[in-house]
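Below are the chains, spelled out letter by letter.
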Amino acid sequence: MAAKRIVIGISGATGFAYGIKALELLKPMDIQTHLVVSKAAKITGHYEHSQSQLAQLQSLADVVYAIDNIGAAIASGSFKTMGMLVAPCSMRTLSAIANSLSDNLLTRAADVVLKERRRLVLMTREAPLHLGHIKNMEAVTLMGGIIFPPVPALYQHIESVDDIITHSVARALDLFDIDVPCLPRWGEDMHLNQKSE
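Residues numbered from 1 in each chain as written. Predicted model: local features only at pLDDT ≥ 70, side-chain atom pairs only at ≥ 80, totals over all residues. Heavy atoms only, no water.

1. Regarding the layout of surface pockets
For clarity, the threshold we go by: Computed over the protein atoms alone on a 1 Å grid, cavities are sets of points where a 1.4 Å probe fits but cannot get out and pockets are open sets with protein on both sides within 12 Å along at least five of seven lines; a residue lines them when it has an atom within 4 Å of a point. Grid points are joined across faces, edges and corners, and a volume is the space filled by probe spheres set on the points. Here the nonpolar group is Ala, Val, Leu, Ile, Met, Phe, Trp, Tyr, Cys and Pro; Asp, Glu, Lys and Arg are the charged ones; every other residue, Gly included, is treated as polar.
Considered as a void within the structure, the largest pocket measures approximately 210 Å³ in volume. In terms of lining residues, the largest pocket is bounded by Phe16, Val37, Lys42, His46, Gln51, Leu54, Ala55, Leu57, Gln58, Val64, Tyr65 and Ala66. A breakdown of the residues in the lining of the largest pocket according to their chemical character gives eight nonpolar, three polar and one charged.

Structural data, given as structure tokens:
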């Protein structure tokens, strides 16, 4: 049986840690990770992380592609994957995907996922939103993609920023039917005191 594969895109919005966390959570699983990082994301990554953390990123992914490698495997629909997670997703990348502008490998891979009717999840990072952002989100949604802003779930009694990031990314991976063991589930792992009415 062929190995399961997922594409991880990291674009230039703040929140490089979401992409790192996705790779960390997927590493122990029997799922191949195919990583592509935009030029703007590399700049953001240098602001948000140390050189050693950025170097570790390469080792977390099974396959790493250059952003301008349009001939890469993930640029073809014949290369089967579970889909693609863009974490984080900048408004520039959202706009390119919404308008089918395959101007680099990240946006081309996303376009392939949409045309093949596979799962595309965009962890969009921006606030506040103007109408152009919202219309691009609508366009992607109408094409079958999922807009998934990383919104903290405060009911889980978070103790660190890493808790917030882990929960958001685990929920995003849940949309691919990837069961992340550390994800607390309402009504299952979370024992809440609820009075029956």
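That shown, we press on.
2. Some details on the side chain of His34
Put simply, the rule is: Every helix listed is a DSSP run of H or I at least four residues long, and every strand listed is a run of E at least two residues long, numbered separately from the N terminus. Each residue is placed in one exposure class: buried if its accessible area under a 1.4 Å probe, protein chains only, is under 20% of its type's maximum, exposed if it is over 50%, and partly exposed if it falls in between. It only takes one pair of heavy atoms within 4.5 Å for two residues to be counted as in contact.
Tracing the backbone through its elements, the reader meets His34 in strand E2 (residues 31-37). Since its relative accessible area comes to 3%, His34 is described here as buried. Excluding residues that lie within four positions of it along the chain, His34 makes contacts with Arg5, Ile6, Val7, Ile8, Val63, Tyr65, Ile74 and Phe79.

3. Points about the pattern of salt bridges
Rules: Here a salt bridge means any side-chain nitrogen of Lys or Arg lying within 4 Å of a carboxyl oxygen belonging to Asp or Glu.
Counted by the stated rule, this structure contains six salt bridges. In this structure, Arg108 engages Asp111 in a salt bridge whose closest nitrogen and oxygen atoms are separated by 4.0 Å. With Arg108 and Asp111 both in helix H5 (residues 105-115) and three residues apart, this pair spans about one turn of that helix. One salt bridge connects Arg171 with Asp174, and the closest N-O pair in it is separated by 3.6 Å. On the criterion of helical spacing, the pair formed by Arg171 and Asp174 is a turn pair, its members being three residues apart in helix H7 (residues 161-174). Here the salt bridges do not stand alone but share partners, grouping Lys21, Glu24 and Asp162 into one network.

4. A short note on the sheet that holds strand E3 (residues 63-65)
Stated precisely, the cut-off is as follows: A pair of strands counts as paired when DSSP detects no fewer than two bridges linking them.
Reading across from one edge, E3-E2-E1-E4-E5-E6 is the order of the six strands in this open sheet, with parallel pairing throughout. Only two strands of the sheet have a single partner each, and these edge strands are E3 and strand E6 (146-147). Here strand E4 (residues 83-89) runs beside strand E5 (residues 119-124); their pairing, made up of five bridges, is parallel. Each bridged residue has a counterpart across the sheet, and for Cys89 the counterpart in E5 is Thr124.

5. Regarding the nonpolar core
Grouped burial of nonpolar side chains is what soluble globular proteins tend to show. As a reminder of what qualifies: Among the buried residues, those of types Ala, Val, Leu, Ile, Met, Phe, Trp, Tyr and Cys that are joined through side-chain atoms within 4.5 Å form a nonpolar core.
Counting 33 residues, the largest nonpolar core has Ile8, Leu85 and Leu173 as the members making the most contacts within it. Within the residue set of this core, elements represented by two or more residues are strand E1 (4-10), helix H1 (16-26), E2, helix H3 (51-60), E4, E5 and H7. By residue number, the principal contributor to this core is H1, which donates eight residues. With near-sequence residues (within four places) excluded, Leu85 lies in contact with Val7, Ile8, Gly9, Ala22, Val121, Met123, Ala172, Leu173 and Phe176. Counting residues in hydrophobic clusters, the runner-up holds 25 residues, among them Leu94, Ala98, Leu106 and Ala109.

These figures come from the coordinates and say nothing about function on their own.
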